[in-house]
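# Working through the structure, step by step
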Amino acid sequence: QSRSLKVYGGNAQLDWRLGQRGFASLSGGANQGFVEFYSLGALRNFWLDQQNEYVRGDLGWGPIHGRVFYNHLEGEAGNWYNAAQATELRAPIASHALDATLDGNFHFGAEEQHTLLVGLNYRLKDVQWGFLDQADRRQHHYSGFVQEDSRFGPVTTNAAVRVDKHPYIAAPIPSPRLAVVGHLGQGRALRVNAGTAFRTPTFMESHADLYIPTDIDGVLVNSNGDPELEPERVASVELGYLDHRSDLFRAEAALYAFQVDRLIDLGAVDPGTRITDGFDESVGAYVAGDTTFINEDPSYRAMGAELGVEFFGVAGLDTYANYALERVTLVDGESRELVLSTPRHKINGGLAWRSPWTVDLGMDAHWVDKQVWGIRGFDDAGQVQVVPTDLSGRLILANKLIWHVPAGHRRVDISAQAWNWLADLRGAQAQHPLGQPVGSRYSASLGYRF
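Residues numbered from 1 in each chain as written. Predicted model: local features only at pLDDT ≥ 70, side-chain atom pairs only at ≥ 80, totals over all residues. Heavy atoms only, no water.

A separate point is the nonpolar core. Grouped together as the largest cluster of nonpolar side chains are 20 residues, with contacts concentrated most on F131, M204, L210, V221 and F293. Looking at this core, the elements that each hand over two or more residues are helix 1 (203–207), strand 11 (209–213), strand 12 (219–224), strand 15 (264–266) and strand 17 (285–295). By size, the runner-up hydrophobic cluster in this structure holds 5 residues, among which are V35, L73, A77 and I93. (Core = buried A, V, L, I, M, F, W, Y, C linked by side-chain atoms within 4.5 Å. Buried < 20%, exposed > 50% of the residue type's maximum accessible area, 1.4 Å probe, protein only. Helix = DSSP H or I, 4+ residues; strand = E, 2+ residues; numbered from the N terminus.)

This is the structure we're talking about:
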């Protein structure tokens, strides 16, 4: 099927002013249609034929603000293709989410140099999906946060902590963060920030119950979720410097380090008694065993640097360039370099020219170094294996031409864009080893200002 997106939708919003200090807002919308999306792991490319509705209400008075919204999605999802005679991964899905937040933003101290933001949140999640088991999947999530901004002369601080209570995690999960910015005279600043964050397991990782295909015809693996998974965690620290002393240029540099622990992934396949059971008539295939989602033992560390420069020294001409370097290592008793799905080098550059006539031009270039992706699959014994797969580097060029029609005080603009036009000269390139080749895209637009 060649179509990847066809959606119809509409939205509306109504706002009220309540005196000098308050406001109220009511909004909502709906859309219906067909969308394509990519999934992680062995499931690959999927379609979703869905309808989605939402409604939201906001109410504020002075420093207090409350918000409530409800989202509903219902439809059917399935894989775009599957092997002949294989089970089609197609199932209905329904999702409900109700969210309520109450927060306050308060200023105090001399010249209101301190700003305190506090808030509470509740979210109800409910998912019904044919890929999940029959357990109760209604979840109640609670969270609270406190953030304090302060100014001490040339130094600005931002300290925050958020605490989340997940229904499957016994203890609340804190996420602290601290940022300090020092202003080094006119147009220069030095910043340091550190913090932690987390990702709790998805419904799929907690409740999966489906048979997934292997590389061997007629052989499936039963994939299960684990409601006792721990959240993934990341800790980060960053040092940055900004120099904008002149209107002619702007420069910024940054160094950073991250560590990720307890990544969630599929574990090895346990054949159990299935290896002697043979053909499973209930699914119409041989079942090699069972696998479930697990927290990985190794940690991952990423260290990198970024440098960016913008120059405005020529009237009507703006230019920019930036470079990023990153190195990822795997830590499991010893540290060794890991180059899976992470390019070592990235370069971006471009220019925009506002001509003295009625035409403006722009060009951007984006280059990414070669990569090695770890593609997950199954070996002849039905065990999960990760196969390193090369992906060559790529260069993407994009151009834009804008014509300001010389009529009516230039209220009419006609523009044309060409994105990745190099693909027409040397062929399309995929951005994932199993992804579709990405070709060129051309578009035009008409704008009127009033």
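Here we take up the environment of G195. Take G195: it is sitting in strand 10 (residues 188–199). For the pair G195 and W47, spaced 148 residues apart in sequence, the C-alpha separation works out to 37 Å. Discounting residues that sit within four places of it in the chain, G195 has contacts with P176, R177, V234, A235 and S236. (Contact = heavy atoms within 4.5 Å.)

Let's shift gears to the packing of aromatic side chains. One pass over the structure, following the stated rule, counts 9 aromatic pairs. Geometrically, the ring pair formed by W353 and W357 is edge-to-face, given 6.0 Å between the ring centres and 80° between the ring planes. By relative accessible area, which is 32% here, W353 ends up partly exposed. An aromatic cluster is defined as three or more aromatic residues linked by ring pairs; in this entry it consists of F37, F46, W129 and F131. (Phe/Tyr/Trp six-rings, centres within 6.5 Å; stacked < 30°, edge-to-face > 60°.)

Turning next to unusual backbone geometry. The backbone of E111 sits at a positive phi, close to 55°, despite the residue not being glycine. Along the polypeptide, E111 turns up in the loop between strand 5 (90–108) and strand 6 (114–129). With a relative accessible area of 77%, E111 lands in the exposed category. With a phi angle near 60°, R262 is a residue other than glycine that sits in the positive phi range. Along the polypeptide, R262 turns up in the loop between strand 14 (249–261) and strand 15.

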